[in-house]
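# Secondary and tertiary structure notes
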Amino acid sequence: MAKIIVVTSGKGGVGKTTTSASISTGLAKHGHKTVVIDFDVGLRNLDLIMNCERRVVYDFVNVIQGEATLKQALIKDKRVETLYILPASQTRDKDALSLEGVGKVLSELAETFDYIICDSPAGIEHGALMAMHFADEAIIVTNPEISSVRDSDRILGILQSKSQRAKDGQEPVREHLLLTRYNPERVVRGEMLSVGDVEEILAIPLLGVIPESQAVLTASNQGVPVILDDSSDAGQAYEDAVARLLGEKREHRFLDTQKKGFFKRMFRG
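The following paragraphs examine the structure supplied in this document. (Residues numbered from 1 in each chain as written. Predicted model: local features only at pLDDT ≥ 70, side-chain atom pairs only at ≥ 80, totals over all residues. Heavy atoms only, no water.)

A separate point is the pairing of strand S5 (residues 115–119). When you tally the buried positions in S5, you get 5 out of 5 residues, the bulk of the element. Judged by which residues are buried, S5 turns out to be covered on both faces: Tyr115, Ile117 and Asp119 on one side and Ile116 and Cys118 on the other are all buried. Note: strand S2 (residues 34–38) against S5, 5 bridges, orientation parallel. Looking at S5, one finds that Thr34 is bridged to Tyr115. (Buried < 20%, exposed > 50% of the residue type's maximum accessible area, 1.4 Å probe, protein only. Helix = DSSP H or I, 4+ residues; strand = E, 2+ residues; numbered from the N terminus. Pairing = 2+ DSSP bridges.)

What follows is the structure, given as structure tokens:
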């Protein structure tokens, strides 16, 4: 049976779609048959980051409304053998997503996939609630700033009260914290929250810390999940996060400021 993981946040622009692309790619690289679904109806971006926007013929809403089959709508990734993408519609309204329709699609996907990654819109609007409802696990993506963390705390409350697991009295949704755009030097200067600060506020296990990196923007513009750039610190951090998601113990990296060597100090490099 597939494991359904929602990637969500309270605030927009924190890196959810980047995270969805890299987590799903990482799971597929480990040999797990994985599908990533874009729930952001009307504003789809996942297909751009996955570099498959020109291959979109049918979308998630077409499948829900019976206008296409999953086989017609799923796009097979060209880089990773066991990865598939189900794009969102750009022309429909978010209300096109219904609990019954989403549940039916997820049930059908669960018959053939190991992991279903739900790329949620930000906040608590309809599409986000649909993405969270059926989750077994949740990756809460937040930046180290107080407004982002506060909004993520609200998302945790929704997962704990309005998810299918909560309503059925099952084991609660397993929650993971992913901290993005982290800059240790700015933490030292008091310009952003530390990892410890965020952990104390949200009180959920830390899955990974993704450093602030130009590699993320470069990869997104090129249509490549940054996890495939294994020479970058961000790519390595996402790979670590996927390994932890699969149960491997790895130390967290990129948390401290880099000490400058003698020559760098001399030349202020």
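Turning to the state of the cysteines, a few remarks are in order. In total, this model carries 0 disulfides according to the counting rule given. Between Cys52, a cysteine without a disulfide, and Cys118, which holds the nearest cysteine sulfur, the sulfur-to-sulfur distance is 16 Å. (Disulfide = S-S within 2.5 Å.)

So, on to the side chain of Thr19. Its place among the elements puts Thr19 in helix H1 (residues 16–29). Excluding anything up to four places from it in sequence, Thr19 contacts Val7, Ile139, Val141, Leu178, Thr180 and Tyr238. (Contact = heavy atoms within 4.5 Å.)

This structure, assessed with the given rule, holds 15 salt bridges. Here Glu145 ties to Lys11 by a salt bridge, and the two come within 3.3 Å at their closest N and O atoms. With Glu145 in the loop between strand S6 (137–142) and helix H7 (146–162) and Lys11 in the loop between strand S1 (3–8) and H1, this residue pair connects regions lying 134 residues apart in the sequence. We classify Glu145 as partly exposed; its relative accessible area is 33%. Note that Asp151 is salt-bridged to Arg150, the shortest N-O span being 3.8 Å. (Salt bridge = Lys/Arg side-chain N within 4 Å of Asp/Glu carboxyl O.)

In this structure, Arg181 takes a positive phi of about 55 degrees despite not being glycine. Positionally, Arg181 belongs in strand S7 (residues 174–182). Classification of Arg181 as partly exposed rests on a relative accessible area of 41%. With a phi angle near 55 degrees, Ala203 is a residue other than glycine that sits in the positive phi range. Along the chain, Ala203 falls in the loop between helix H10 (195–202) and strand S8 (206–211).

Take the nonpolar core next. Core analysis: the largest hydrophobic core is formed by 51 residues, its most contacted members being Ile37, Phe39, Phe60, Leu97, Leu109 and Ile116. Contacts of Ile37, omitting those with residues within four sequence positions, involve Leu46, Phe60, Leu86, Leu106, Leu109, Ile116, Ile117, Cys118 and Asp119. Core analysis: the second largest hydrophobic core is formed by 35 residues, Val14, Met50, Val56 and Val216 among them. (Core = buried A, V, L, I, M, F, W, Y, C linked by side-chain atoms within 4.5 Å.)

A separate point is the packing of H1 against helix H12 (residues 233–245). The geometry of H1 relative to H12 is characterised by a closest axis approach of 9 Å and an angle of 60 degrees between their N-to-C directions. With respect to their mutual orientation, H1 and H12 come out oblique. In terms of crossing hand, the pair formed by H1 and H12 is right-handed. Contact residues: Thr18, Thr19, Ser22, Ile23, Gly26, Leu27 and Lys29 in H1; Tyr238, Glu239, Ala241, Val242 and Leu245 in H12. (Axes fitted to C-alpha atoms, helices over the stretch in contact; angles between N-to-C directions. Parallel < 35°, antiparallel > 145°, perpendicular 65-115°, else oblique. Left-handed = near helix turned anticlockwise from the far one by under 90°.)

So, on to the packing of aromatic side chains. Across all of its chains, the model carries 2 aromatic pairs by this definition. Considering the side-chain rings of Phe39 and Phe60, the 5.0 Å spacing of their centres and the 80 degrees angle between planes classify their relative orientation as edge-to-face. Residue Phe39 is found in the loop between S2 and helix H2 (46–49), and its partner Phe60 is found in helix H3 (residues 60–64); the two are separated by 21 residues along the sequence. With respect to burial, Phe39 and Phe60 carry one shared label: buried. If you follow Lys33 out to its NZ or CZ, it ends over the ring of Phe113, 5.0 Å from the centre. (Phe/Tyr/Trp six-rings, centres within 6.5 Å; stacked < 30°, edge-to-face > 60°. Lys NZ or Arg CZ within 6 Å of the ring centre and 35° of its normal.)

Two modes of strand pairing occur in sheets, parallel and antiparallel, and in both the strands are linked by backbone hydrogen bonds. The strand order S3-S4-S2-S5-S1-S6-S7-S8 describes an open sheet built from 8 strands, whose pairing is mixed. Edge positions in the open sheet fall to strand S3 (75–76) and S8, since each of these has one partner strand only. Strand direction decides the pairing type here: S3 and strand S4 (residues 83–86), joined by 2 bridges, are antiparallel. Residue pairing across strands places Ile75 opposite Ile85, the latter belonging to S4. In the packing of helix H5 (residues 99–110) onto the sheet, contacts are made with S1, S2, S4 and S5, and the angle to S5 comes to roughly 145 degrees. Sitting on the sheet, H7 touches S1, S6 and S7, and the angle it makes with S6 is about 165 degrees.

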